[in-house]
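Here is how the chains run, residue by residue.
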Amino acid sequence: MSFDYDLFVIGGGSGGVRAARVAAATGAKVALAEDDRLGGTCVIRGCVPKKLMVFASSYREAFGEAEDYGWEVDAGEFDWSKFHTHLTGELQRLEGVYRQLLDGSGVEIFDTRAKLTGPHDIETADGRKVSAKHILIATGGHPVRPETTNAHLAMVSDDIFHMEKMPKSVLIVGGGYIACEFACILNGLGVEVTQFYRGAQILRGFDDEARGLIADMMQQKGVNLHLGTNIVEMWPEGQEGAGGPMPTASMEEAHPTYDKTAGPVVVKASNGMTRAYDKVLFATGRSPNTSDLGLENTSVEVGRRGEIVVDEYSQTAQPSIYAIGDVTNRVNLTPVAIREGMAFVETVFKGNPTPVDHDLIPSAVFTQPEMGTVGLSEEDARDQEPIDVYCTSFKPMQQAFVGRDDRVLMKLVVSKETDKVLGCHIVAPGAGEMIQLAGIAVKMGATKAQFDQVCAVHPTMSEELVTMKEPMRSA
Ligand code: NDP
């Protein structure tokens, strides 16, 4: 049976683009369809613009510190429109780089939406019908709002990058990566930030001690964090009649488009507080993009959370169709999607079946200070086996010098039986950079004794990782 393409990729984000390029390099005939901008969530509305905003927001504190270090500084005001123009240009450049990479690899680009019409068949929104031996779904995910009336008054993370001006005040709902990162970014940019998290402590799932320190530091730096708190109802300021007990929202109401023209929003909170915020941001999780893909025309299975169900080779229940990245809701991180794409090509186009290794993936939360983490939290490790915990929390030299009360944390969770480092958790400026390196040792199965064999780099914060002699506690 002959096909128009050896591979048709749906979705031009980090995972899809990498898989398309690497497959094309094997000599395969490859096409890729993307109905939005090439680069996907990471490049266009996620990691990249977010990190640039982290950089922008860190200068306020740096200017303050610089004065104490002897500089005469006139920090002035943050100019969102100047930054935003620069950001827009940079994202256009990166989008162009992605297009060039695909073009240069001989991948045919369909700038349109694609839908499955069968196990090997695709129809694009502009009416073209093509066939492919293999199909790779890499459509990513999207932010979801809680089901509440007037949800269209609140932004989601995608909308942040399109704000026309900086709000004076913002309410952020959620306690995950996105909520905490944007709370720190906006606080750093001078916005008055309130954050509601419904649970007992932000960053659920991370090491308790590490997330506790992040929460303390966020509050110390000015984020008005309310734990055990959620929105009860919200309405446009000046339209108090629009409040009252909320009817159950329909699904359509729960997934509305943000109304950019929305003015200040009055929010009644579960802690009894009612006040207006210039903007509300829902950072309440993401869902896989599986709707309207034509999956019903295939045997592809969809899980409870809307994710495409795949095996360890990223193959779906329909043998010709594979899926990678956030649409499979395994570990929703860019480098993981890229590795899944590479493993798919290795398996399907290089005859070398390669399962994806999802164990011991280091990651960082770009709060201020950052958190870098790899392996088990203290809580998960002690449920698994007896452990020793080595940790130290101290004032870093750079900030202590200027009288600031910032604290950092260096922590190793070690197996009592094997002496293996089961988890490493760092809260510190630059923790993302540090955990990348510590992650190598942990992935290699290094023991605490091997950490200790390494000479300290002095004076640094991370030298503590190789100088902690006695366990702080055992469990
Ligand atoms: P998360 O799943 O991390 O967090 C969602 C948060 O919203 C949780 O605190 C959750 O509370 C809360 N929440 C969910 N539903 C409601 C509700 N109805 N009302 C109030 N609160 C609610 O999602 P994010 O959107 O922050 O991030 C999505 C994914 O993107 C992450 O899991 C991560 O994989 C990836 N990401 C990675 C980054 C990085 O590597 N630095 C940065 C940004 C995103 P509860 O804890 O109680 O469930």
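Note: the structure precedes this text.
Let me begin by describing the structure that accompanies this report.

Rules used throughout
Residues numbered from 1 in each chain as written. Predicted model: local features only at pLDDT ≥ 70, side-chain atom pairs only at ≥ 80, totals over all residues. Heavy atoms only, no water. Near = heavy atom within 4 Å. Polar contact = N/O pair within 3.5 Å; in protein donor to acceptor, adjacent residues only side chain to side chain. Areas by Shrake-Rupley, 256 points an atom, 1.4 Å probe, with all protein chains shown as cover. Helix = DSSP H or I, 4+ residues; strand = E, 2+ residues; numbered from the N terminus. Nonpolar A, V, L, I, M, F, W, Y, C, P; charged D, E, K, R; others polar. Core = buried A, V, L, I, M, F, W, Y, C linked by side-chain atoms within 4.5 Å. Buried < 20%, exposed > 50% of the residue type's maximum accessible area, 1.4 Å probe, protein only. Contact = heavy atoms within 4.5 Å. Axes fitted to C-alpha atoms, helices over the stretch in contact; angles between N-to-C directions. Left-handed = near helix turned anticlockwise from the far one by under 90°. Pairing = 2+ DSSP bridges. Parallel < 35°, antiparallel > 145°, perpendicular 65-115°, else oblique. Salt bridge = Lys/Arg side-chain N within 4 Å of Asp/Glu carboxyl O.

## Remarks on the site of the ligand
Thought 1: Around the ligand, 20 residues are found, and the nearest of them are Gly175, Ile178, Tyr197, Arg204 and Ala364.
Thought 2: With respect to the ligand, the side chain of Glu181 contributes an N or O atom lying 2.9 Å from a nitrogen atom.
Thought 3: Between Ala283 and the ligand, the recorded distance is 3.4 Å, taken from a backbone N or O atom to an oxygen atom.
Thought 4: Taken by itself the ligand offers 900 Å² of open surface, and the protein chains cover 76% of this.
Thought 5: Here the element with the most residues in the shell around the ligand is helix H6 (residues 177-188); it accounts for three residues.
Thought 6: Of the residues assigned to the shell around the ligand, the class counts are eight nonpolar, seven polar and five charged.

## Here we look at the nonpolar core
Thought 1: In terms of nonpolar packing, the biggest core is built from 78 residues, with Val30, Met53, Ile160, Ile172, Ile202 and Phe344 touching the most fellow members.
Thought 2: Once residues within four sequence positions are removed from consideration, Met53 is found in contact with Trp80, Phe83, Ile160, Phe161, Phe182, Ile185 and Leu189.
Thought 3: Counting 21 residues, the second-largest nonpolar core is a separate cluster that includes Phe394, Ala431, Ala438 and Phe451.

## Let's talk about the packing of helix H3 (residues 47-68) against helix H4 (residues 80-104)
Thought 1: In contact at an axis separation of 11 Å, H3 and H4 are set at 145° when each is read in the N-to-C sense. At the point where H3 passes H4, the crossing takes the right-handed sense. Taken together, the residues of H4 that come into contact with H3 (itself represented by Val48, Pro49, Leu52, Met53 and Ala56) are Trp80, Phe83, Leu87, Glu90, Leu91 and Leu94.
Thought 2: Partitioned by chemical class, the residues of the contact of H3 with H4 number ten nonpolar, no polar and one charged.

## Details of the side chain of Thr290
Thought 1: Position of Thr290 relative to the elements: it lies in the loop between strand E15 (286-288) and strand E16 (321-323).
Thought 2: Thr290 sits in the buried class, given a relative accessible area of 14%.
Thought 3: Of the polar contacts made by the side chain of Thr290, one reaches the backbone oxygen of Gly306; its length is 2.7 Å.
Thought 4: Each residue touching Thr290, except ones within four places of it in the same chain, is listed here: Leu295, Gly306, Ile308 and Val327.

## Points about the sheet that holds strand E22 (residues 473-474)
Thought 1: With antiparallel pairing, six strands are arranged side by side in an open sheet as E17-E18-E21-E20-E19-E22. At either margin of the open sheet sits one strand with a lone partner, and together these are strand E17 (363-365) and E22.
Thought 2: Strand direction decides the pairing type here: strand E18 (residues 370-375) and strand E21 (residues 421-428), joined by six bridges, are antiparallel. The partner of Gly372 across the bridge, within E21, is Ile426.
Thought 3: Strands in contact with helix H7 (residues 208-220) are E18, strand E19 (387-394), strand E20 (408-415), E21 and E22; relative to E20, the strand with the most contacts, it is inclined by about 170°.

## So, the packing of H3 against H6
Thought 1: In the contact formed by H3 and H6, the axes pass within 7 Å of each other and the chain directions differ by 40°. Between H3 and H6, the angle is such that the two are oblique. Two packed elements cross with a definite hand, and for H3 against H6 that hand is left-handed. From H3, Lys50, Met53, Val54, Ser57 and Arg60 reach across to H6, where they touch Glu181, Phe182, Cys184, Ile185, Asn187 and Gly188.
Thought 2: Taken together, the residues of the contact of H3 with H6 break down into five nonpolar, three polar and three charged.

## Some points on the pairing of E20
Successive residues of a regular strand alternate their side chains across the two faces of the sheet.
Thought 1: When you tally the buried positions in E20, you get eight out of eight residues, the bulk of the element.
Thought 2: Of the two faces of E20, the one holding Val408, Met410, Leu412 and Val414 and the one holding Leu409, Lys411, Val413 and Ser415 are both buried throughout.
Thought 3: Of the strand pairs in this sheet, E19 and E20 are connected by eight bridges, and their pairing is antiparallel. Looking at the pairing, Val389 lines up with Val413 of E20.
Thought 4: Bridge count for E20 against E21 is six bridges, and the pairing is antiparallel. Among the inter-strand pairings, Met410 is bridged to a residue of E21, identified as Ile426.
Thought 5: Counted between consecutive antiparallel strands, the loop separating E20 from E21 contains five residues, among which Asp419 sits at a positive phi close to 70°.

## Looking at the pairing of strand E11 (residues 231-236)
Thought 1: For E11, a buried count of five out of six residues is recorded, marking the element as mostly surrounded by other parts of the structure.
Thought 2: Pairing of E11 with strand E12 (residues 265-269), which is carried by five bridges, proceeds in the antiparallel orientation. Paired with Glu233 across the two strands is Lys268, which belongs to E12.

## As for the pattern of salt bridges
Close approach of charged atoms allows side chains with opposite charge to pair.
Thought 1: Evaluation of the coordinates by the stated rule reveals 29 salt bridges.
Thought 2: Note that Lys115 and Asp292 form a salt bridge whose closest N and O atoms lie 3.0 Å from each other. One end of the pair, Lys115, is in strand E4 (residues 114-118); the other, Asp292, is in the loop between E15 and E16, with 177 residues separating them in the sequence.
Thought 3: Note on Lys115: relative accessible area 32%, which makes it partly exposed.
Thought 4: Its salt-bridge partner being Glu346, residue Lys350 comes within 3.7 Å of it at the nearest N-O pair.
Thought 5: With relative accessibility at 43%, the residue Lys350 sits in the partly exposed group.
Thought 6: Each of the salt bridges in this network shares a partner with another, and the network as a whole consists of Asp207, Glu209, Glu378, Arg382, Lys411 and Arg473.

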